[in-house]
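# Examination of the molecular architecture
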Amino acid sequence: MKIMFISDIHGSYYWAKKAIDQFYQEKADRLVILGDILYHGPRNDLPRDYDCKKVIALLNPLKNKITAVRGNCDSEVDQMVLDFMITSDFATMDVDGHHFFLTHGHLFNEDHLPLLNDGDILVYGHFHKPLAKKEKGIYIFNPSSISLPKEGDHSYGIYENHKLTVKDFHTKNVKTVILE
């Protein structure tokens with residue numbers, strides 16, 4: 001199974017469109033959205049081509065391929081316009097014998113770990129910085145923000161064949177960790 005991870009769209013139609021185009025180019029089976037889908041938040045500048053209605057129209061047709069968790073900028077009204085569930089503050093999935101803990105990052109992150117076992121994978125966004133590493137037996141993965149990166153370029157994550165990779169939209173390969 002091939003999974004694409006994106007986070008922190010913040011209502012940018014331009015970057016959401018690039019991500020969805022990449023989803024099809026990557027031939028991913030599943031799209032995981034790690035929160036902050038429509039609203040840009042009071043601390044962020046408006047992202048490029050801020051247009052929540054276009055982002056909704058772009059994502060809703062993929063409702064059967066999307067797993068989404070709630071970010072700190074997501075609200076109840078967002079769920080009313082999206083055809084896929086924004087599950088809660090976290091979700092889990094098991095793929096190829098790997099246990100993924102999916103969250104936005106404002107509650108759980110590398111400095112505040114959820115209860116995980118050795119070999120589990122924490123996947124989060126929120127900080128807008130790419131990360132792929134193994135620390136204290138836990139894999140920690142952050143695809144960064146597709147719309148408002150604070151470090152590096154606009155990027156997304158891919159899980160395939162027991163490997164997690166952060167890819168940016170230019171060089172296509174930023175950080176990789178191989179799962180044991």
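Residues numbered from 1 in each chain as written. Predicted model: local features only at pLDDT ≥ 70, side-chain atom pairs only at ≥ 80, totals over all residues. Heavy atoms only, no water.

## Things to note about helix H2 (residues 52-59)
Here is the rule: Using a 1.4 Å probe on the protein chains alone, a residue whose accessible area is under 20% of its type maximum counts as buried, one over 50% counts as exposed, and one in between counts as partly exposed. Where helices and strands are cited, they refer to DSSP runs of H or I of at least four residues and of E of at least two residues respectively, numbered from the N terminus. The directions considered for the arc are those from the helix axis to the C-beta atoms. What makes two residues a contact is simply this: any of their non-hydrogen atoms within 4.5 Å.
Within the sequence span of H2, burial applies to Val55, Ile56, Leu58 and Leu59. In an axial view of H2, the angular spread of the buried residues amounts to 165°, which keeps them on one side of the axis. Among the exposed residues of H2, those oriented more than 90 degrees off its buried face are Lys53 and Ala57. Buried residues belonging to H2 abut helix H1 (13-26), strand S2 (30-33), strand S3 (66-68) and helix H3 (76-81).

## Comments concerning the sheet that holds strand S4 (residues 90-95)
Applied cut-off: The rule for pairing is simple: two strands pair if DSSP sees at least two bridges between them. Axis definition: a line fit to C-alpha positions, over the contact stretch in the case of helices; interaxial angles, taken between N-to-C directions, run 0 to 180 degrees.
Taken in spatial order, the five strands line up as S4-S5-S6-S8-S7 in an open sheet, and their pairing is mixed. The open sheet has two edge strands, S4 and strand S7 (131-135), and neither has a second partner. Within the sheet, the average angular offset between the axes of one strand and its neighbour, ignoring direction, is 20°. Two strands pair when backbone bridges link them, and strand S6 (residues 121-123) and strand S8 (residues 138-142) are joined in this way by three bridges, in the parallel orientation. When the sheet's bridge partners are listed, Leu122 is paired in S8 with Ile140.

## So, the pairing of S2
Working note: regular strand, side chains alternate between the two faces of the sheet. Note the cut-off: The crossover handedness rule: strands pointing away from the viewer, path from first strand over the helix to second strand clockwise, crossover right-handed.
Where strand S1 (residues 3-6) lies against S2, four bridges are found, and the strand directions are parallel. By the bridge assignment for S2, Phe5 is matched with Val32. Tracing the backbone out of S1, into H1 and back to the parallel element S2 gives a crossover that is right-handed. Sheet topology places S2 next to S3; three bridges connect them, and they run parallel. In the strand pairing of S3, Val32 is matched with Thr67.

## Details of the environment of Ile66
Residue position: Ile66 is located in strand S3. You can call Ile66 buried: its relative accessible area is 6%. The spacing of Ile66 and Asn44 is 22 residues in sequence and 25 Å in space, taken between C-alpha atoms. What Ile66 contacts, discounting residues up to four positions off in sequence, is Arg30, Leu31, Ile33, Leu59 and Phe84.

That's the geometry; what it means functionally is another story.
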